[in-house]
Each structure stands twice: as structure tokens, then as C-alpha cells.
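One-letter residues, chain by chain:
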Amino acid sequence: MRIATWNINSVTTRLGRVLAWLETREPDVVCLQEIKTTTDAFPLMPMAALGYEAVVLGQGRWNGVAILSRVGLADVSLNLPDQPPYANEGETPIVEARAVGATVGATGSHPGVRLWSLYVPNGREPQHPHFTYKLAWLDQLAVLAASEWNAHQSAPYALLGDFNVAPTDSDVWDRARFEGSTHVTPEERARYQALIDTGLSDLIARPGKGDNPFTFWDYRGGAFHKDEGMRIDLVLANPAFAGAVTDIWVDREARKGSAQSEGGAPSDHAPIIVDLDI
DNA sequence: ATGCCAACCCGGGGTTGA
């Protein structure tokens with residue numbers, strides 16, 4: 001079974017690239033983040049033409065997550081249990097579209113694989129209310145992780161997506177540049193560690209360019225070509241999942257090109273592709 | 001400190017991203 005996770009930064013803008021990528025890489029399951037459209041506007045039809053069904057949780061301009069599967073999709077969960085809401089100043093707090101769960105690949109002889117597609121809040125700046133929200137969101141994710149751990153003792157289970165946390169200093173291209181920034185603070189890394197402490201392993205992809213398994217490169221300043229990236233998209237897996245992995249790699253090809261190139265701009269994130277002996 | 005780029009809204013400029 002081939003499972004991928006990819007922050008696509010708008011499914012509408014990226015549709016051509018995503019469809020071509022599905023045909024090339026032939027993943028069985030894809031966790032998508034930042035679809036940036038409503039649930040109703042998600043392009044189900046062209047995905048279905050390639051054999052995929054989908055669970056979609058959209059939210060208009062921002063956020064939005066989905067899981068595509070061509071090996072079945074069951075036991076769908078929308079949002080984290082008790083997911084904290086957020087509001088900018090003067091707005092009504094809402095539970096944002098940042099988490100969907102599902103069981104894929106279940107058959108008569110196999111319980112299937114339990115997956116979550118996650119888009120952790122950015123945090124903006126360490127002093128910003130959005131950062132407090134990010135930490136609360138990660139705390140609630142740890143609650144989910146603990147309950148999922150218990151519910152899937154022997155079956156493969158993993159949390160995948162854009163965690164917006166660089167677990168270690170080697171997960172950013174230049175630690176000095178991140179002084180005072182989000183993604184590298186002790187508070188965020190403590191929440192990452194809490195997820196690991198539920199029993200999950202951080203499945204690090206094979207190194208790419210520059211020996212770095214980065215998954216994100218800013219659009220600006222030629223960051224991708226200089227490999228000035230970050231490892232913030234993660235696959236956190238239980239032993240049954242981790243033990244079945246035969247390969248895991250970052251598909252840097254999907255990050256290539258520009259707004260001027262054929263097919264239009266890439267996402268600023270590259271997919272992680274995981275192959276499993278399941 | 002800011003721009004660097006790309007996406008969203010909507011129709012020029014603000015907001016978000018990480």
C-alpha cells in the first residue's frame with residue numbers, strides 16, 4: 001500500500017498538478033492539507049475518475065483537509081475531539097477545518113490502516129494569540145493520539161500532515177534564521193514530544209538534496225533551489241505501521257517549476273510518499 | 001526591518017502562510 005501526505009496550498013489552483021501526480025505516483029491513499037476551498041467545492045469528480053473516493057473537510061478561504069483513497073474509506077472522523085476554536089479579533093470563534101480521520105484498506109482479513117490528515121495551526125509569532133491557539137490545538141491532538149493508540153493496538157495507525165513544527169534544529173536549513181520565530185520553540189517541540197510519548201515513531205524520509213529530508217521551501221528567494229527548507233510535514237506512526245514501511249521519501253519533483261512554468265506554480269510543500277508491505 | 005512569492009478574498013489592497 002502506498003500512502004502519501006501533501007500540503008497542496010489550494011486544491012483549486014493545484015488541481016492539474018495533483019491529478020497528474022496521482023497518475024504518475026499512483027498512491028492508494030493521500031492525506032491532503034490546505035485545500036483552501038469549501039467541502040462542496042472540492043473537485044470530487046476528476047478524483048473519482050482516477051478511482052479515488054474522498055472525505056473532505058473544507059472551510060472557504062483557508063485551511064481545509066481531505067483524505068483520498070482507492071482502497072476503501074470507513075469510520076470517518078471530522079475534527080479533533082474537543083478541538084479548540086479560533087477567532088481573529090472581533091470575530092466569532094470557529095472550529096477550523098484542520099483534522100480528518102479515516103480507516104483505509106480494510107478487508108476481510110486485514111483491519112485496515114487508521115490515518116489522520118492534519119493541518120496544525122501556524123502560530124504566526126510566539127507572542128500572537130494564534131501561537132497560544134497552536135499549543136492548545138497540539139495539546140488536544142495529543143489527547144486524540146492517546147485514544148487512537150489504545151483503539152489501534154495491533155492495527156497500523158499514523159498521524160500525517162503539516163505539523164508546523166520542526167522537531168529539531170537540523171530540521172531547518174539555518175537555525176539562526178529562526179531565532180524568535182515559531183516552529184522551533186521549546187513549547188512547540190514539547191508538544192511534538194508529547195505525541196511521540198504516546199508511542200508513535202517519527203518516520204523520517206530518505207534524505208534528498210543536501211542530505212536533508214525537508215518538505216517545505218518558501219516560495220521566496222529561490223529557497224527550493226538552495227535547499228533552504230524545513231521538515232515540518234511528518235508521519236508519526238505506531239509500531240504496526242512503522243514495521244510495515246518498506247520505503248519513505250520526499251517527492252521533490254512535485255515541488256519543481258514556477259508560476260511561469262507549464263502546469264502553474266507548485267505548492268510550497270512537497271509530498272511524502274510511504275510504501276507499506278500491507 | 002523589509003522584501004522576497006503565492007494563495008485567498010475581490011476587483012487594489014489587505015491577510016495569511018512558515
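Residues numbered from 1 in each chain as written. Chains lettered and ligands numbered in written order. Predicted model: local features only at pLDDT ≥ 70, side-chain atom pairs only at ≥ 80, totals over all residues. Heavy atoms only, no water.

Engineer: Describe the sheet that holds strand β13 (residues 245-250), with residues and values.
Structural biologist: Pairing is mixed across the open sheet formed by six strands, whose spatial order is β3-β4-β2-β1-β14-β13. Where the open sheet ends on each side, the last strands, each with one partner, are β3 (53-57) and β13. Geometrically, the sheet is characterised by an average inter-axis angle of 10° between neighbouring strands, direction not taken into account. Pairing of β13 with strand β14 (residues 272-276) involves five bridges; the strand directions are antiparallel. Considered in β14, the bridge of Asp247 is made with Asp275. Against the sheet, helix α1 (residues 11-25) contacts β1 (2-7), β2 (29-33), β4 (65-69), β13 and β14, and its axis sits at roughly 160° relative to β1. (Pairing = 2+ DSSP bridges. Helix = DSSP H or I, 4+ residues; strand = E, 2+ residues; numbered from the N terminus. Axes fitted to C-alpha atoms, helices over the stretch in contact; angles between N-to-C directions. Contact = heavy atoms within 4.5 Å.)

Engineer: Would you mind going over the protein's contact with DNA strand B in detail, with residue names and values included?
Structural biologist: With respect to spatial proximity, 24 residues lie near DNA strand B, and among them Arg61, Asn122, Arg124, His183 and Arg220 are the closest. Within the side chain of Asn88, a nitrogen or oxygen atom sits 3.2 Å from a phosphate oxygen of DNA strand B. Take Asp162: an N or O atom from its side chain is 3.3 Å from a phosphate oxygen of DNA strand B. Here the residues of the surface near DNA strand B are counted per class, giving eight nonpolar, nine polar and seven charged. (Near = heavy atom within 4 Å. Polar contact = N/O pair within 3.5 Å; in protein donor to acceptor, adjacent residues only side chain to side chain. Nonpolar A, V, L, I, M, F, W, Y, C, P; charged D, E, K, R; others polar.)

Engineer: I'd like to hear about the pattern of salt bridges, residue by residue, with values.
Structural biologist: Inspection of every chain in the model, using the stated rule, returns 17 salt bridges. With a closest N to O distance of 2.9 Å, Arg206 and Asp247 form a salt bridge. One end of the pair, Arg206, is in the loop between β9 (201-202) and β10 (216-217); the other, Asp247, is in strand β13, with 41 residues separating them in the sequence. In this structure Arg206 comes out as partly exposed when scored by relative accessible area, which is 45%. Linked through salt bridges whose partners overlap, the residues forming this network are Asp169, Arg175, Glu179 and Arg189. (Salt bridge = Lys/Arg side-chain N within 4 Å of Asp/Glu carboxyl O. Buried < 20%, exposed > 50% of the residue type's maximum accessible area, 1.4 Å probe, protein only.)

Engineer: I'd like to hear about the layout of surface pockets, residue by residue, with values.
Structural biologist: The rolling of a water-molecule-sized probe over the atoms marks out the regions of remaining empty space. There is about 940 Å³ of room inside the largest pocket. In this structure, the largest pocket is lined by 38 residues; those nearest its centre are Glu34, Tyr119, Asn122, Arg124 and Asn164. For the lining of the largest pocket, the class distribution of residues is 12 nonpolar, 14 polar and 12 charged. By volume, the second largest pocket is sized at about 190 Å³. (1 Å grid on protein atoms, 1.4 Å probe; cavity = no way out; pocket = protein on both sides within 12 Å on 5 of 7 lines; lining within 4 Å. Points joined across faces, edges and corners; volume = space filled by probe spheres on them.)

Engineer: Please give an account of the packing of aromatic side chains that cites residues and values.
Structural biologist: In total, this model carries three aromatic pairs according to the counting rule given. Look at Trp217 and Phe224: their rings are 4.9 Å apart centre to centre, the planes differ by 85°, and that puts the pair in the edge-to-face class. The exposure class of Trp217 is buried, given its relative accessible area of 0%. Looking at Phe224, the relative accessible area reads 7%, which means it is buried. (Phe/Tyr/Trp six-rings, centres within 6.5 Å; stacked < 30°, edge-to-face > 60°.)

Engineer: Before we move on, can you summarise unusual backbone geometry with the specific residues and values?
Structural biologist: Of note, Asp82 is a non-glycine position whose phi angle comes to about 55°, a positive value. Locating Asp82 in the fold gives a position in the loop between β5 (73-78) and β6 (99-104). On the accessibility criterion, Asp82 (67% relative accessible area) is exposed. One non-glycine residue, Asp211, adopts positive backbone phi at about 60°. Inspection of the secondary structure puts Asp211 in the loop between β9 and β10. Judged by relative accessible area, which is 64%, Asp211 ranks as exposed.

Engineer: How would you sum up the nonpolar core? Please name residues and give values.
Structural biologist: Among the nonpolar cores identified, the biggest contains 34 residues, and Ile3, Ile67, Leu115, Val235 and Phe241 are the most heavily contacted of them. Those residues within four positions of Ile3 in sequence are excluded, and the remaining contacts are Val29, Val113, Leu115, Leu160, Phe241, Ile272, Ile273, Val274 and Leu276. With 23 residues, the next largest nonpolar core counts Leu80, Ala99, Trp137 and Phe163 among its residues. (Core = buried A, V, L, I, M, F, W, Y, C linked by side-chain atoms within 4.5 Å.)

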